[in-house]
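In case you want the letters, here they are:
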Amino acid sequence: MSYSVGVFVGSLAQDSINRKLAKALFKLAPDGMDLVDIPIGNLPLYNRDFDADFPPEGRAFKEAVAAVDALLFVTPEYNRSVPGVLKNAIDWGSRPWGSNSFAKKPSAVTGTSPGHISTAVAQQHLRSILSFVNSPELANPECYIHFTEGLIDDDGNVTVASTEEFLRGWLNEFHLFIAKVVGAQQITL
Ligand code: FNR
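Residues numbered from 1 in each chain as written. Predicted model: local features only at pLDDT ≥ 70, side-chain atom pairs only at ≥ 80, totals over all residues. Heavy atoms only, no water.

**Overview of the side chain of threonine 119**
This is how it is decided: Secondary structure elements follow DSSP: runs of H or I no shorter than four residues count as helices, runs of E no shorter than two count as strands, and numbering proceeds from the N terminus. In this description, contact between two residues means that some pair of their heavy atoms is separated by no more than 4.5 Å.
Within the fold, threonine 119 resides in the loop between β4 (107–113) and α4 (120–132). Apart from the residues lying within four places of it in its own chain, the contact partners of threonine 119 are Thr75, Pro76, Glu77, Gly111, Thr112, Ser113 and Tyr144.

**Let's talk about the site of the ligand**
Operational definition: Note on definitions. A residue lies near a molecule or strand when any single heavy atom of the residue is within 4 Å of it. Nitrogen and oxygen atoms within 3.5 Å of one another constitute a polar contact, given that in protein one can donate a hydrogen and the other can accept it, and given that sequence-neighbouring residues count only through two side-chain atoms. Here the Shrake-Rupley method, with its probe set to 1.4 Å, supplies the accessible areas, and only the displayed protein chains count as covering residues. When residue character is reported, Ala, Val, Leu, Ile, Met, Phe, Trp, Tyr, Cys and Pro are called nonpolar, Asp, Glu, Lys and Arg charged, and the others, Gly included, polar.
Every one of the 13 residues lining the ligand counts as a neighbour, but Ser11, Ser16, Asn18, Arg80 and Ser113 are closest to it. Between the ligand and the protein, one listed contact pairs an oxygen atom with a side-chain N or O atom of serine 11 at 2.6 Å. Here an oxygen atom of the ligand and a side-chain polar atom of serine 113 are 2.6 Å apart. Protein burial of the ligand: of its 610 Å² of free accessible surface, 67% is covered by the chains. In terms of residue class, the shell around the ligand is made up of 5 nonpolar, 6 polar and 2 charged.

**Notes on the packing of aromatic side chains**
Remark: the centre distance and the inter-plane angle together describe each pair of aromatic rings, the angle taken between the planes. To keep it simple, the criterion reads: The rule is short: rings of Phe, Tyr and Trp, with Trp giving its six-membered ring, pair when the centres are within 6.5 Å, and they are stacked under 30 degrees, edge-to-face over 60, tilted in between. Relative accessibility under 20% of the residue-type maximum defines a buried residue, over 50% an exposed one, and the middle range a partly exposed one, all with a 1.4 Å probe and only protein chains included.
If you walk through the whole model with that rule in mind, you get 7 aromatic pairs. With centroids separated by 4.7 Å and ring planes inclined at 15 degrees, the aromatic side chains of phenylalanine 8 and phenylalanine 73 adopt a geometry described as stacked. Taken together, the positions of phenylalanine 8 in strand β1 (residues 3–9) and phenylalanine 73 in strand β3 (residues 70–74) put the pair 65 residues apart, joining distant regions of the chain. By relative accessible area, which is 0% here, phenylalanine 73 ends up buried. Ring centres of tryptophan 170 and phenylalanine 174 lie 6.5 Å apart, and the angle between their planes is 20 degrees; on these two criteria the pair is classed as stacked. Of this pair, tryptophan 170 and phenylalanine 174 both sit in helix α5 (residues 161–185), 4 residues apart, roughly one helical turn. The pair tryptophan 170 / phenylalanine 174 is uniform in exposure class, with both members buried. An aromatic cluster is present here, built from Phe8, Phe61, Phe73 and Phe102 joined pairwise through their rings.

**Points about α5**
Where we set the bar: Here a helix's expected span is defined as the number of its residues, less one, multiplied by 1.5 Å.
For α5, spanning 25 residues, the distance from its first C-alpha to its last is 36 Å, which sits close to the expected 36 Å at 1.5 Å a residue. Three or more residues of α5 are buried, namely Thr163, Leu167, Trp170, Leu171, Phe174, His175, Phe177, Ile178, Val181 and Val182. On the buried face of α5, the contacting elements are β1, α1 (17–28), β2 (33–37), β3, β4 and β5 (144–146).

**Focus: the sheet that holds β2**
We apply this condition: The pairing criterion is simple: DSSP has to find at least two bridges between the two strands. Each axis is a line fitted through C-alpha atoms, and for a helix only the stretch in contact is used; angles between axes span 0 to 180 degrees, taken between their N-to-C directions.
Spatially, the 5 strands line up as an open sheet ordered β2-β1-β3-β4-β5, and their pairing is parallel. Each edge of the open sheet carries a strand with a single partner, namely β2 and β5. Taking the axes of each pair of neighbouring strands and ignoring which way they run, one obtains an average angle of 20 degrees across the sheet. Sheet topology places β3 next to β4; 4 bridges connect them, and they run parallel. Within β4, the residue paired with leucine 72 across the bridge is alanine 108.

**A closer look at the nonpolar core**
Rules: Grouping buried Ala, Val, Leu, Ile, Met, Phe, Trp, Tyr and Cys residues that are joined through side-chain atoms within 4.5 Å yields what is termed a nonpolar core.
Ranked by internal contacts, the top residues of the largest apolar core, which has 31 residues, are Leu25, Leu72 and Phe174. Counting only elements with at least two residues in this core, the list comes to β1, α1, β2, β3 and α5. Considering every element that reaches this core, the biggest residue donor is α5, with 8 residues. Those residues within four positions of phenylalanine 174 in sequence are excluded, and the remaining contacts are Val5, Met33, Ala70, Leu71, Leu72, Pro106, Ser107, Ala108 and Leu138. Among the nonpolar cores identified, the runner-up in size contains 23 residues, and Phe54, Ala122, Leu126 and Ile129 belong to it.

Shown next, in the form of structure tokens:
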């Protein structure tokens, strides 16, 4: 089966190592997994006054989320949590009340950092948020990438074979997970 997967990168930095990781995932995705970048940097800061009439950026974001089968988050860790820009995007997608765009869409989280525990704490915070917006999450394998100089080049080529193999395997597991979740949702009792 073929599935479209929206990719959210939690960094807007020009030389973002998480953008590099996302580029690598685009290259390593298996057949039947179509990755689509969903930009988050143009969204205004969410506040609930927008709920009455979403601006074009908010609508376009929700439409982009609605169009994909699954969600892939690639995020830095900021002060042991998710960057505000990513939380802002999730808040946009979750509203207005009653039209949560993330509901029932299977998700996976990853991220990279030069720190030795990588993005472990941010990923746990993100999992908590994704639970609340009712997204079934790939629990295991987890995917923490400790970034070292040159690990992934600007074009998304992974320079360490074992890391490339790990990422490929992780994407395969996510693909399988999406198929299971989407298949289960088609069952009627
Ligand atoms: C960081 N960084 C960081 N790293 C980490 O492992 N745990 C953390 O809690 C933080 N906190 C943090 C806060 C802020 C405001 C910044 C700017 C940075 C370092 C971070 O991992 C590093 O800058 C990465 O390069 C950020 O990812 P991108 O933007 O390059 O994708």
